[in-house]
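# A structural walkthrough
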Amino acid sequence: MSAMKYAVFTVMMPDCSLDTTIEKLQQYGYDGVEWRFTKSDPARAEDAPSFWGNNLSTVEADATEAELLLLKEKTVAAGLQVPNIGAYIACGDKQATETAMKAASVLGAPSIRVGVPMYNRTRPYQELLLEGRAYLEQVQELGAEYGVMGLIEVHHGNIACSASLARRLVEGFDPARIGIIYDPGNMVHEGFENYRMGLEVMGEYLTHVHIKNARWQRKEGEASAAEGPLWQAVWSPLQDGVVHWPQVIADLKAIGYDRWLTFEDFSGSAPTDTLLRDNLAYVRSLF
């Protein structure tokens, strides 16, 4: 039997209120919930639910302690843990980092996601690396104060787009305070490395894993490569993308990983209930 625990990052449940999210995750047999944590845009409150727009399954970054305690009570009552807070924090924003850590300590989450410098060719990598590490120094200090880890995510568009670049960013920090979220789905867009090698490179900093998938498709209307890339990565169902999850799971088992696997399916390929049921069944079948 696998010792893995399964959660959902609620960004993939934009049509579900916080209470409904808890009910559904309990219904489908999940172990935890990774809350989306940010300040919602009131201008989008009337929009149709969407992943990064009007997402109803969002814990507001300005929630009061009383509101957070009530949410914790409901989560615990449903038998769910909170393995991480999926915060949206810009690199260097110490105040937002502290706010998220305070929320995590109330909700009982051991970690929060923290910011990483973005890379867009306007600033040199070495300069961004120094900036990112200076921020992680602050994160490490705050983490010691609140008892909460700061996790960077392997993500396209930033300077930690691969496992090895993520390791370089966190190298030398206390792995009890600073860790890495491994996300092979993001590496379809940018940063692909052999899964097993990447896991070995991250070593003791590997703290959390996100589960999703993506595939490549040819852009429509492109006349030539001179006008830009002919191909783009788009989100896909777990079993219909570039990431070969049977191999990833085998590699995670090979290195002895036994922590959280958190789903964040952005494919929109089926209703939320179907994705919650089928994705969990699929990954469990790989063990």
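Our subject is the structure listed above.
Note that the structure is a prediction, hence the values are computed from the model and not measured.

Taken together, the side chains of Trp216, Trp231 and Val242 define a hydrophobic patch exposed on the protein surface, amounting to about 320 Å² of accessible area. Summarising the element assignment, Trp231 is placed in strand E10 (residues 231–236). For Trp231, a relative accessible area of 45% translates into the label partly exposed.

With that settled, consider the pairing of strand E8 (residues 206–211). When you tally the buried positions in E8, you get six out of six residues, the bulk of the element. Judged from the three bridges that link them, strand E7 (residues 178–182) and E8 form a sheet pairing that is parallel. Directly across from Ile181, in E8, lies its bridge partner His208. Inspection of the sheet shows E8 paired to strand E11 (residues 260–263) by three bridges, in the parallel sense.

Take the pattern of salt bridges next. For the structure shown, the criterion picks out 13 salt bridges. We note a salt bridge from Asp47 to Arg44, for which the minimum N-O separation is 3.2 Å. Its salt-bridge partner being Glu264, residue Lys212 comes within 2.5 Å of it at the nearest N-O pair. A residue pair is termed long-range when its members are at least 10 positions apart, and Lys212 in the loop between E8 and strand E9 (213–218) and Glu264 in the loop between E11 and helix H9 (272–284) qualify at 52 residues. Given a relative accessible area of 2%, Lys212 falls into the buried group. For Glu264, a relative accessible area of 2% corresponds to the buried category.

Glancing now at the packing of helix H7 (residues 195–202) against helix H8 (residues 245–254). Direction vectors running N to C along H7 and H8 enclose 35°, while the axes themselves pass 9 Å from each other. The crossing of H7 and H8 is right-handed. Two secondary-structure elements touch here, H7 through Tyr195, Arg196 and Leu199 and H8 through Gln247, Val248, Asp251, Leu252 and Ala254. For the contact of H7 with H8, the per-class residue count stands at five nonpolar, one polar and two charged.

Rules used throughout
- Here the residue numbers are simple positions, counted from 1 along each chain's written sequence.
- For a predicted model such as this one, the threshold for reporting local features is a pLDDT of at least 70, and the threshold for listing and counting side-chain atom pairs is 80 or more; totals across whole chains, interfaces and linings nevertheless cover every residue.
- Here the side-chain values reflect all heavy atoms present in the structure, with hydrogen atoms and water set aside.
- Like charges within 9 Å and nonpolar side chains (Val, Leu, Ile, Met, Phe, Trp, Tyr) within 5 Å are joined into patches, using only residues over 30% in relative accessible area that form no salt bridge.
- Methods summary: accessible areas were calculated by the Shrake-Rupley approach with a probe of 1.4 Å, and residue burial reflects only the protein chains presented.
- Salt bridges, as used here, are contacts in which a Lys or Arg side-chain nitrogen is within 4 Å of a carboxyl oxygen on Asp or Glu.
- Only DSSP runs of H or I covering at least 4 residues are called helices, and only runs of E covering at least 2 are called strands; the numbering of each starts at the N terminus.
- Type-normalised accessible area, obtained with a 1.4 Å probe on protein chains alone, sets the label of each residue: buried when under 20%, exposed when over 50%, and partly exposed for intermediate values.
- Strands are treated as partners if at least two bridges between them are detected by DSSP.
- An axis is simply a line fitted to the C-alpha atoms; with a helix, the fit covers only the stretch in contact. Between two such axes, the angle follows the N-to-C directions and lies from 0 to 180 degrees.
- The hand of a helix crossing depends on one turn: near helix anticlockwise from the far one by less than a right angle means left-handed, and clockwise means right-handed.
- When checking whether two residues touch, look at their non-hydrogen atoms; a contact exists if any pair is within 4.5 Å.
- For this scheme, ten residues count as nonpolar: Ala, Val, Leu, Ile, Met, Phe, Trp, Tyr, Cys and Pro. Four count as charged, namely Asp, Glu, Lys and Arg, and the remainder, Gly too, count as polar.

In short, the description is geometric, and any link to function would need to be established separately.
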